[in-house]
Amino acid sequence: MRLGLIAGNGRFPFLVLDAARAAGHDITIIALKEEAFPELEVEAAKPPAATLHRVSLGQLGKWVKILRDAGATTAVMAGQVKHTKLFSDIIPDLTAIGVLMKLKAKNTDAIISGVVDLLRDNGIEMIDSTTFLQPLLARAGVLTQRAPSAEEQADLAFGYRMADTIAGLDIGQTVVVKSRAVVAIEAMEGTDAVIARAGQLAGAGVTVVKVAKPKQDMRFDVPVVGLPTIDAMATAGATVLSIAAGKTLVIDGDAVFRAADAVGIAIVGRDRDA
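Undergrad: Honestly, the sheet that holds strand S1 (residues 2-7) in this entry has me stumped. Any pointers?
TA: Across a sheet, paired strands are connected by hydrogen bonds in the backbone, their directions being either parallel or antiparallel. One open sheet accounts for five strands, arranged S3-S2-S1-S4-S5; its pairing is parallel. The strands lining the two open edges of the sheet, one partner per strand, are strand S3 (51-55) and strand S5 (125-126). Examined bridge by bridge, strand S2 (residues 26-32) and S3 share five bridges and lie parallel to one another. What sits directly across from Ala31, in S3, is Arg54. Here helix H3 (residues 60-70) sits on the sheet in contact with S1, S2 and S3, set at roughly 170° to S2.

Below you can see the structure in the form of C-alpha cells.
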C-alpha cells in the first residue's frame with residue numbers, strides 16, 4: 001500500500017518512516033520545506049527508498065497532486081508544525097486560500113482539520129499519527145524511580161485543572177505551576193520554550209503539566225516529549241513532568257526516563273479515565 005507521510009519538525013517523521021517501512025509500506029514523503037529536518041532526505045534514500053518531495057507549508061494543491069499521483073489513499077502526519085509559521089512569509093496557493101476562507105477560526109485544530117478535510121475530499125484518508133508507534137505511547141503511573149512528593153502532587157492536581165482548560169480552548173497543551181500558582185502557559189512557542197520561561201520567572205522547583213486535548217484527535221497535534229524536554233527541565237530547575245498516558249509520544253523511549261532519573265526529575269503518566 002502506498003502511504004503518504006506529511007513530515008514536520010523533529011524526529012517523529014524519522015520514526016514513522018522506519019516503522020512504516022518495517023510494516024511493508026511504500027512511502028511518499030511530503031517534507032514541509034519550512035519544518036522538516038534536511039537529514040530526512042538521507043533517511044528517505046535508504047533502502048527500501050521512499051520518494052521525497054520538499055513542499056512549502058502553503059502549497060496544499062501540490063500536496064494533493066503529489067499524493068494522488070503516487071496513488072496514496074492514506075496519509076499520516078508526523079512532526080511539529082509551528083503555528084507561528086502562519087504569521088511569517090508563508091505564501092498560500094489557491095487551494096490553501098480556499099481552505100483558510102472556509103475556517104471560522106485560525107487555531108491549530110481548525111487549520112489542520114481543514115487540511116484533513118481537503119485530503120479526504122481528494123480520496124486520501126488521514127490515519128492516527130501514532131499508528132506505527134504504539135510502543136512509544138506513555139504508560140500510566142509513575143514512570144521514573146522517583147515519585148512526586150506530597151507538595152508536588154498538590155501542584156499536579158492544581159496544574160491539571162489549568163492545563164485541561166487551556167487545552168480545551170486550543171490555546172496550548174502545557175502549563176507550568178509552582179506552589180499552586182500558574183507560572184507559564186504554552187501558546188505558540190512550544191513546550192521547551194515555555195519551560196525555559198517558567199524557570200526564568202519562578203526559579204527551581206516548578207512542575208510541568210502536559211496534557212492532551214479533552215477530545216484529542218490522534219491524527220494530528222499529538223503531545224510529544226523527548227530528551228530535549230528533559231534537558232529543558234533540568235536547565236530550568238523543573239522537578240516534575242506529567243504527561244497524558246496513552247496519548248503522549250515519548251520519542252526517545254526509555255532513554256527519557258533514564259535521563260530524568262539521572263537529574264532527579266519525576267515523570268508521571270496521567271490516566272484521565274482512571
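Undergrad: What exactly am I supposed to notice about helix H7 (residues 191-202) here?
TA: An α-helical turn contains 3.6 residues, so any two residues separated by three or four positions project in the same direction. With twelve residues, H7 extends 16 Å from end C-alpha to end C-alpha; this agrees with the ideal 16 Å at 1.5 Å per step. Along H7, the positions that sit buried rather than exposed are Thr191, Val194, Ile195, Ala198 and Gly199. With its buried residues spanning 140° around the axis, H7 presents them on a single face. Those residues of H7 that are exposed and angled more than 90 degrees off the buried face are Gln200 and Leu201. The inward-facing, buried residues of H7 contact strand S7 (174-178), strand S8 (181-185), strand S9 (207-210) and helix H8 (227-236). Among the residues trailing H7, Gly203 stands out with phi positive, at a value near 75°.

Undergrad: Please explain a nonpolar patch on the surface as it appears in this structure.
TA: On the surface, Leu169, Ile171, Val182 and Ile185 cluster together to form a nonpolar patch covering roughly 330 Å² of accessible area. Within the secondary structure, Leu169 sits in the loop between helix H6 (150-168) and S7. A residue is classified by how much of its surface remains accessible, and Leu169, at 57% relative accessible area, is exposed.

Undergrad: Even after reading the chapter, I still don't get unusual backbone geometry, so can you show me in this structure?
TA: Among all residues except glycine, the phi angle is most often negative; among peptide bonds, the trans geometry is most common. Omega for the bond connecting Pro47 with Pro48 falls within 30 degrees of zero, at -10°, which places this linkage in the cis form. Along the polypeptide, Pro48 turns up in the loop between helix H2 (39-45) and S3. Unlike most non-glycine residues, Asp221 shows phi in positive territory, near 55°.

Undergrad: For this particular structure, what's the right way to read the sheet that holds S7?
TA: Taken together, the six strands give an open sheet; going across it, the order is S6-S13-S11-S9-S7-S8, and neighbouring strands pair in mixed fashion. This sheet does not close on itself; its edge strands, each paired only once, are strand S6 (141-142) and S8. By the bridge criterion, four bridges tie S7 to S9 in an arrangement that is antiparallel. Directly across from Val175, in S9, lies its bridge partner Val209. Along the sheet, H6 contacts S7, S8, S9, strand S11 (240-244) and strand S13 (266-270); its crossing angle with S7, the most-contacted strand, is approximately 145°.

Conventions adopted
- Along every chain, residues carry numbers that run from 1 in the direction the sequence is written.
- Two thresholds apply to this predicted model, a pLDDT of at least 70 for residue-level local features and 80 or more for giving and counting side-chain atom pairs, whereas whole-chain, interface and lining totals are computed over all residues.
- Think of the side-chain values as coming from all heavy atoms in the structure, minus any hydrogens and water.
- One bridge is not enough; two strands pair if DSSP finds at least two bridges between them.
- Numbering of helices and strands runs from the N terminus, with a helix taken as a DSSP run of H or I at least four residues long and a strand as a DSSP run of E at least two residues long.
- Residue contacts follow a heavy-atom distance rule, with two residues in contact if any of their heavy atoms lie within 4.5 Å.
- Axis angles are defined between N-to-C directions and span 0 to 180 degrees, where every axis is a line fitted to C-alpha atoms and, for a helix, only to the segment in contact.
- A helix's residues, less one, multiplied by 1.5 Å, set its expected span.
- Between buried and exposed lies partly exposed: a residue is buried under 20% and exposed over 50% of the maximum accessible area for its type, with that area taken using a 1.4 Å probe on protein chains only.
- Think of the arc as the fan of directions from the helix axis to the C-beta atoms.
- For patch detection, residues must exceed 30% relative accessible area and be free of salt bridges, and they are connected within 9 Å for like charges or within 5 Å for nonpolar side chains (Val, Leu, Ile, Met, Phe, Trp, Tyr).
- A 1.4 Å probe and the Shrake-Rupley method give the accessible areas. Residues count as covered only by the protein chains that appear here.
- Counted as salt bridges are all cases of a side-chain nitrogen of Lys or Arg within 4 Å of a carboxyl oxygen of Asp or Glu.

By themselves these figures say nothing about function.
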